[in-house]
Amino acid sequence: MTKQEKVDFVINTLNELYPEIPIPLDHKDPYTLLVAVLLSAQCTDVRVNQITPLLFAKADNPYDMIKMSVEEIKEIIRPCGLSPMKSKGIHGLSHILIDKHNGEVPESFEALEALPAVGHKTASVVMSQAFGVPAFPVDTHIHRLMYRWNLTNGKNVAQTEKDAKRLFPKETWNDLHLQIIWYGREYSPARGWDLDKDIITKTIGRSTVLKEYEKLKKKN
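Since the structure is predicted, the reported quantities are computational estimates derived from the model, not experimental observations.

Visitor: Got a minute to help me understand the nonpolar core in this structure?
Guide: The nonpolar side chains of a soluble globular protein tend to be buried with one another. Core analysis: the biggest nonpolar cluster contains 32 residues, and L55 and I90 have the highest contact counts within it. At the level of elements, α2 (30–39), α3 (45–58), α5 (70–77), α6 (83–101) and α8 (120–129) are the ones that each hand at least two residues to this core. In terms of residues, this core owes the most to one element, α2, which gives eight residues. Beyond its immediate stretch of four places on either side in the chain, L55 contacts V35, L39, M65, M68, I73, I76 and I77. Among the nonpolar cores identified, the runner-up in size contains 23 residues, and V138, I142, L145 and W182 belong to it.

Written out as structure tokens, the structure is:
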């Protein structure tokens, strides 16, 4: 297969598997999405979705959030991990949204990435999922799969994002990054991986990855 045929195969397979694409993090507006994405760093979406209702019952907007102390926020979000940093980030960015953006989440990468505890990936998720702006946030699933599919050298997430944006048409980015995340979880996980179920890797996978898989399979 040529590189273009591989790209088309990925897009077509994912569209067949995920014609309807659920958003992994529960939210009702750009602010609650921003907070949920921030909480998801080094934490599962399932855990975040258990914690955000508790937090949002007390504060689902920046004005109510700054009425809480950093300590109060930290207590609620503790199960998500990294709670000292995340609670300061949520409190700090809520202040900035009120002071600089009329309490609204800004619709630009630059303004989002200027907020405390908001990196490029978080900004990309908010831009794509809240505002429909083409972006390709790369999480661990996408990073792993792009390498397995021989579509990136996998050296770092920044390179993986560049390669994804170069290979896939811009109009597919917002759906595709979510489809790849779901596919990675269901068919191509880091642990307990069954290549027979992973049709994409089985078809277009990097030869060294496939050989390594076979070697481990024989051992076990």
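Visitor: Would you mind going over the packing of aromatic side chains with me for this structure?
Guide: The geometry of an aromatic ring pair is captured by two quantities: the separation of the ring centres and the angle between the planes. For the coordinates displayed, the defined rule picks out four aromatic pairs. For the pair F136 and F168, a centre-to-centre distance of 6.1 Å together with 10° between the ring planes defines the contact as stacked. In this pair, F136 is assigned in the loop between α8 and α9 (140–148) and F168 in the loop between α10 (157–167) and α11 (173–186), connecting sequence segments 32 residues apart. For the ring pair W193 and Y213, a centre distance of 4.9 Å and an interplane angle of 65° mean the geometry is edge-to-face. Taken together, the residues W193 in the loop between α11 and α12 (199–204) and Y213 in helix α13 (residues 207–219) connect sequence positions 20 residues apart. Given the relative accessible area of 16%, W193 is considered buried. Look at Y213 and you get buried, because its relative accessible area is 12%.

Visitor: How should the packing of α2 against α6 be read in this particular structure?
Guide: In a packed pair of helices, the relevant descriptors are the angle between the two axes and the axis-to-axis distance. It is at 10 Å that the axes of α2 and α6 come closest, and there the two elements cross at 155°. In terms of orientation, α2 lies roughly antiparallel with respect to α6. Two packed elements cross with a definite hand, and for α2 against α6 that hand is right-handed. The segment α2 lies against α6, with Y31, L34, V35, L38 and L39 engaging K86, I90, L93, S94 and L97. Tallied by class, the residues present in the contact of α2 with α6 amount to eight nonpolar, one polar and one charged.

What counts, and where the lines are drawn
Residues numbered from 1 in each chain as written. Predicted model: local features only at pLDDT ≥ 70, side-chain atom pairs only at ≥ 80, totals over all residues. Heavy atoms only, no water. Core = buried A, V, L, I, M, F, W, Y, C linked by side-chain atoms within 4.5 Å. Buried < 20%, exposed > 50% of the residue type's maximum accessible area, 1.4 Å probe, protein only. Helix = DSSP H or I, 4+ residues; strand = E, 2+ residues; numbered from the N terminus. Contact = heavy atoms within 4.5 Å. Phe/Tyr/Trp six-rings, centres within 6.5 Å; stacked < 30°, edge-to-face > 60°. Axes fitted to C-alpha atoms, helices over the stretch in contact; angles between N-to-C directions. Parallel < 35°, antiparallel > 145°, perpendicular 65-115°, else oblique. Left-handed = near helix turned anticlockwise from the far one by under 90°. Nonpolar A, V, L, I, M, F, W, Y, C, P; charged D, E, K, R; others polar.

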